Amino acid sequence: MLEDPLPFQGQLRETGPVVRLSAHDVYALGRYEQVHAVLRNWQSFQSAAGVGLSNFRYEKPWRPPSLLLEADPPHHDAPRAVLEKVLGPRALRKLHGAWFADAENLVEAVVAQREFDAITQLAQAFPLRVFPDTVGIPKSGRENLLPYGDHLFNAFGPRNDLFTRGDASIGELSAWVNAQCAREVLDENGFGAAIWAAADRGDITYEQAPLVVRSLLSAGVDTTVHGIAAVLYAFATHPEQWSRLRAAPHLARVAFDEAVRWESPVQTFFRTATRDTEVAGVPVREGEKVLMFLGAANRDPRRWHDADVFDLDRDPSGHVGFGMGLHQCVGQHVARLEASALLSALAKRVERIELAGPAKRHHNNTLRAWESLPIRVRLV
Ligand code: OVV
C-alpha cells in the first residue's frame, strides 16, 4: 500500500464520494470535489482536534499542538498572518539571487559525477543547504531535522511499525528542535528572528513565538525534500518533458506544481466534524474524523484530463497538494523558490536525465517519499 497507493486511491474514488474505513472508524474522501469542499469548510471541519488519525478530543497529542496546523480561527489567524508575512514575496525576493547561485554551485559539483543519488545529493542537499540557514538555526544538530519531520508525518497515521520505530528517538529529536526555537539561539537576520520580532510588535505573544518557529522546522524540510524528489523523479522518467523544460525554463515553477499534483508528497490529512453535518449527502456526526486523500483528489479523472500523466502543458493550479482554504501551505512560495532554483540550475547544465537503477521508496504514513533515486545525466 505505501509502496504503491495508486490502486487503492482509484478504488476509493470509484467506491463513492464518501467511504467508511471501518478498520479505523473514519470517513475517507478520494474525489476532488469532496476533498476540496471539506478543505475549504473550516467551520464544519476543524483542525484543532488534530489533522492525523488521533482525535485530540480523546487522546493527548504527542507534542503540544501546532498553532497553525492544529488550530482553527480565531486562534489560528495571528500566527498565520505572521508567517504569511515572514515567508511572503518581499522576504523571498531578497533570497532569490543567493538561492539561485547556491543551486548552481551544488548542481555543478553533483552533475560532474555523472551518476549520483538524486535524493541525498540534490533533493535533501539543496533544502538543507539553504533553509536552515535562512531560518537562522546553528549548524550543529541539523541532522535531526529530517528524522524529526519523518516521525511527525508518521504520527499523523495509525500507531503502526513506522510510528513505533520513530517513537524511540522522538524525545531527543523534539528536545533539539524545541531548543532551536529560542530567541537566543536564532541568527538575528533569519525567519526565526522575524517571528520573534512579530512578538515584539504584539502581533503574536512571546509564548507563541517559539511554537511558530517550530512550525518552520516541522513543515519546512521533509515536505520540500520530497516535493523536489517528486519533480526529479518525474523528469528522470519523462525525457520529453525534460526537453520541454530546457526549451522553456520559465516552466520550472509549473513543473514543480505539476509534480506536487502528480505525486502529492503530502498524501493525506484529516479534519474532525464540529457538528452533525454531511458530505455528498452522507451524514457525518459531530466529532467524527474525515480523512482526505489529497493524492487521490489530485488524480481524480472527474477533475483532471489524463490525470495520471505528468505534463508541463497542463495548468496544475487548483491541485490540493498544498491543501486548500485557510490552512493552505504557508510555505509554498519558499518551496517553489527552492525547486525552481534547483531546476533552473539543472536545466542549464543537463541535456538528459534518466534513472541509472531502480528507484527505492521511503515509507511514511503521510508522505509519498523516496529513499534513493539513482540518476545518470548527460551534460550540455
Ligand atoms: C503542514 C504542517 C505539517 C507538519 C507540521 C506543521 C505543519 C506545524 O505547523 O508544525
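The text that follows walks through the structure, step by step, so that each part is easy to find. (Residues numbered from 1 in each chain as written. Predicted model: local features only at pLDDT ≥ 70, side-chain atom pairs only at ≥ 80, totals over all residues. Heavy atoms only, no water.)

### Remarks on the overall build of the chain
- A tally of regular secondary structure across the chain gives 15 helices and twelve strands.
- Compactness check: the chain gives a C-alpha radius of gyration of 20 Å against a globular reference of 21 Å for 380 residues, within 12% of the reference.
- Counting over 380 residues, the chain shows a buried share of 58%.
- Taking all contacts inside the chain whose residues are at least 6 apart in sequence as the whole, residues at least 24 apart take part in 72%.
- Here the chain displays about 15,900 Å² of accessible surface, and carbon together with sulfur accounts for 53% of that area.
- For the chain, the distance from the average position of its 42 positive side-chain charges to the average position of its 46 negative side-chain charges is 3 Å. (Helix = DSSP H or I, 4+ residues; strand = E, 2+ residues; numbered from the N terminus. Rg over C-alpha atoms; globule rule 2.2 N^0.38 Å. Buried < 20%, exposed > 50% of the residue type's maximum accessible area, 1.4 Å probe, protein only. Contact = heavy atoms within 4.5 Å. Areas by Shrake-Rupley, 256 points an atom, 1.4 Å probe, with all protein chains shown as cover. Lys, Arg positive; Asp, Glu negative; His and termini not counted. Charge placed at Lys NZ, Arg CZ, Asp CG, Glu CD.)

### Here we look at the sheet that holds strand E9 (residues 350-355)
- With antiparallel pairing, the three strands of this open sheet are ordered in space as E4-E12-E9. With one partner strand each, in any of the chains shown, strand E4 (115-117) and E9 form the two edges of the open sheet. Strand after strand, the sheet turns through a mean of 30° between neighbouring axes, direction not considered.
- Relative to the sheet, helix H15 (residues 332-349) contacts E9 and strand E12 (374-379), its axis offset from that of E9 by approximately 110°. (Pairing = 2+ DSSP bridges. Axes fitted to C-alpha atoms, helices over the stretch in contact; angles between N-to-C directions.)

### With respect to the sheet that holds strand E5 (residues 268-273)
- Sheet architecture is open: five strands sit in the order E1-E2-E8-E5-E3, paired in mixed fashion. The open sheet has two edge strands, strand E1 (19-21) and strand E3 (45-46), and neither has a second partner.
- Strand direction decides the pairing type here: strand E2 (residues 26-29) and strand E8 (residues 289-293), joined by three bridges, are parallel. Its bridge partner lying in E8, Tyr27 is registered against Val290.
- Helix H2 (residues 32-40) rests against E2, E3, E5 and E8 of the sheet, and its axis sits at about 125° to E8.

### Some points on the site of the ligand
- The full set of residues close to the ligand is Arg63, Ser66, Leu69, Leu152, Phe153, Ser215, Ser218 and Ala219.
- Relative to its free-state accessible area of 290 Å², the ligand is covered by the protein chains to the extent of 85%. (Near = heavy atom within 4 Å.)

### As for helix H5 (residues 118-135)
- The end-to-end C-alpha distance of H5 is 24 Å, a good match for the 26 Å that 18 residues give at a rise of 1.5 Å each.
- Within H5, the axis deviates most sharply at Ala125, by approximately 40°, and proline Pro127 lies no more than four positions further along.
- Those residues of H5 that sit buried are Ala118, Ile119, Leu122, Ala123, Phe126, Pro127, Val130, Phe131, Pro132, Thr134 and Val135.
- The N-terminus of H5 is capped by Asp117, whose side-chain oxygen sits 3.0 Å from the backbone nitrogen of Ile119. (Expected span 1.5 Å × (residues − 1). Bend = angle between axes of the 7 residues up to and from the residue. Polar contact = N/O pair within 3.5 Å; in protein donor to acceptor, adjacent residues only side chain to side chain.)

### Quick word on the side chain of Glu70
- By the element assignment, Glu70 lies in the loop between E3 and helix H3 (77-86).
- Put simply, Glu70 is tucked away with no salt bridge, and the nearest opposite charge, on Arg63, sits 4.3 Å away.
- One polar contact links the side chain of Glu70 to the main-chain amide nitrogen of Ser66, over a distance of 2.6 Å.
- Sequence-distant contacts of Glu70, defined by excluding residues within four places in its chain, comprise Ser47, Ala48, Gly50, Phe56, Arg63, Pro65 and Phe156. (Salt bridge = Lys/Arg side-chain N within 4 Å of Asp/Glu carboxyl O.)

### Considerations on the environment of Thr237
- Summarising the element assignment, Thr237 is placed in helix H11 (residues 222-237).
- Residue classification places Thr237 among the partly exposed residues on the basis of a relative accessible area of 30%.
- Setting aside residues no more than four positions away along its own chain, Thr237 makes contact with Trp262 and Leu355.

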